[in-house]
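One-letter residues, chain by chain:
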Amino acid sequence: MAVLNSNEVFFTAFEPKVANRFIMIVDGIPSFFIKGVTGVEATSEEIVLNHINVYRKVKGKTKWSDISMTLFDPITPSGAQAVMEWVRLGHESVTGRDGYSDFYKKDLTINVLGPVGDIVSEWVIKGAFIKSAKFADMNWDTDAEAQNITLGIGMDYCVLNF
């Protein structure tokens, strides 16, 4: 008969990571622009191996889901200009030219901070690129509210360093 370990049964005090303590580093976009980002997600497909009247399942390809990033759009420096500079690395609207992936793909870093500002966890998003950029709606009926830019970010994969 298994015996329960008291360390597993009784509450142990711990310091949780909290959602509002992070800094995201994106080349060309100041960190203070970044208001929020969705968490990273990996999903593995399954492969079914049939054999007579039974089957086994094994892991297939792993896919990293897109993330969404919300930015403030200050007047100066312009958040819209910073985003459009990244967009133009992949597609120039005026000429219709597309860019090489070496130009428009970037590595992004999300540093999760502890209560005193120390980095307690670090995600590196490899090969990130803008899939969609939605700029703020304009409406005379609303009260004064800060304008945001929402980016859909595709990626190759992620690495959790610590």
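Remember, it's a predicted structure, so these values are computed and weren't measured experimentally.

Novice: Would you mind showing me how to read the side chain of S121 here?
Specialist: Mapped onto the elements of the fold, S121 is located in strand β7 (residues 119-134). Side-chain polar atoms of S121 contact the backbone oxygen of F162, separated by 2.9 Å. The contacts of S121, once residues within four sequence positions are left out, are K17, I110, N111, V112, L160 and F162.

Novice: It is not clear to me how the pattern of salt bridges should be interpreted in this structure. Could you clarify?
Specialist: As a working rule, side chains carrying opposite charge can pair if their charged atoms are close by. Inspection of every chain in the model, using the stated rule, returns 5 salt bridges. The salt bridge involving K105 is made with D156; its shortest N-O contact spans 2.8 Å. Separated by 51 residues along the polypeptide, K105 in the loop between α3 (101-104) and β6 (106-113) and D156 in the loop between β8 (148-154) and β9 (157-160) bring together distant segments of the chain. D156 sits in the partly exposed class, given a relative accessible area of 41%.

Novice: When you look at helix α2 (residues 79-90) in this model, what are you seeing that I'm missing?
Specialist: For an α-helix, 3.6 residues make a turn, and residues three or four places apart therefore share a direction. With 12 residues, α2 extends 18 Å from end C-alpha to end C-alpha; this agrees with the ideal 16 Å at 1.5 Å per step. What α2 keeps buried is the set G79, A82, V83, W86 and G90. Within α2, the buried residues cover an arc of 95° as seen down the axis, which keeps them to one side. Two or three places before A80, at the opening of α2, S78 has a side-chain oxygen 3.3 Å from that residue's backbone nitrogen.

Novice: Please explain the environment of L113 as it appears in this structure.
Specialist: Relative to the helices and strands, L113 resides in strand β6. Using a relative accessible area of 15% as the deciding quantity, one classes L113 as buried. Along the primary structure L113 and A19 are separated by 94 residues, whereas in three dimensions their C-alpha atoms are 9.4 Å apart. Beyond its immediate stretch of four places on either side in the chain, L113 contacts R21, F22, I23, D118, I119 and V120.

Novice: Sorry, what's going on with the pairing of strand β4 (residues 54-64) here?
Specialist: If a strand is regular, its side chains alternate between the two faces of the sheet. Bridging between strand β3 (residues 42-51) and β4 involves 9 bridges; their strand directions are antiparallel. Paired with S44 across the strands is T62, a residue of β4. Turn length for the β3-β4 hairpin, with the two strands adjacent in sequence and antiparallel, is 2 residues, and the turn residue I52 shows positive phi of about 50°.

So, how was this worked out
Residues numbered from 1 in each chain as written. Predicted model: local features only at pLDDT ≥ 70, side-chain atom pairs only at ≥ 80, totals over all residues. Heavy atoms only, no water. Helix = DSSP H or I, 4+ residues; strand = E, 2+ residues; numbered from the N terminus. Polar contact = N/O pair within 3.5 Å; in protein donor to acceptor, adjacent residues only side chain to side chain. Contact = heavy atoms within 4.5 Å. Salt bridge = Lys/Arg side-chain N within 4 Å of Asp/Glu carboxyl O. Buried < 20%, exposed > 50% of the residue type's maximum accessible area, 1.4 Å probe, protein only. Expected span 1.5 Å × (residues − 1). Arc of directions from axis to C-beta. Pairing = 2+ DSSP bridges.

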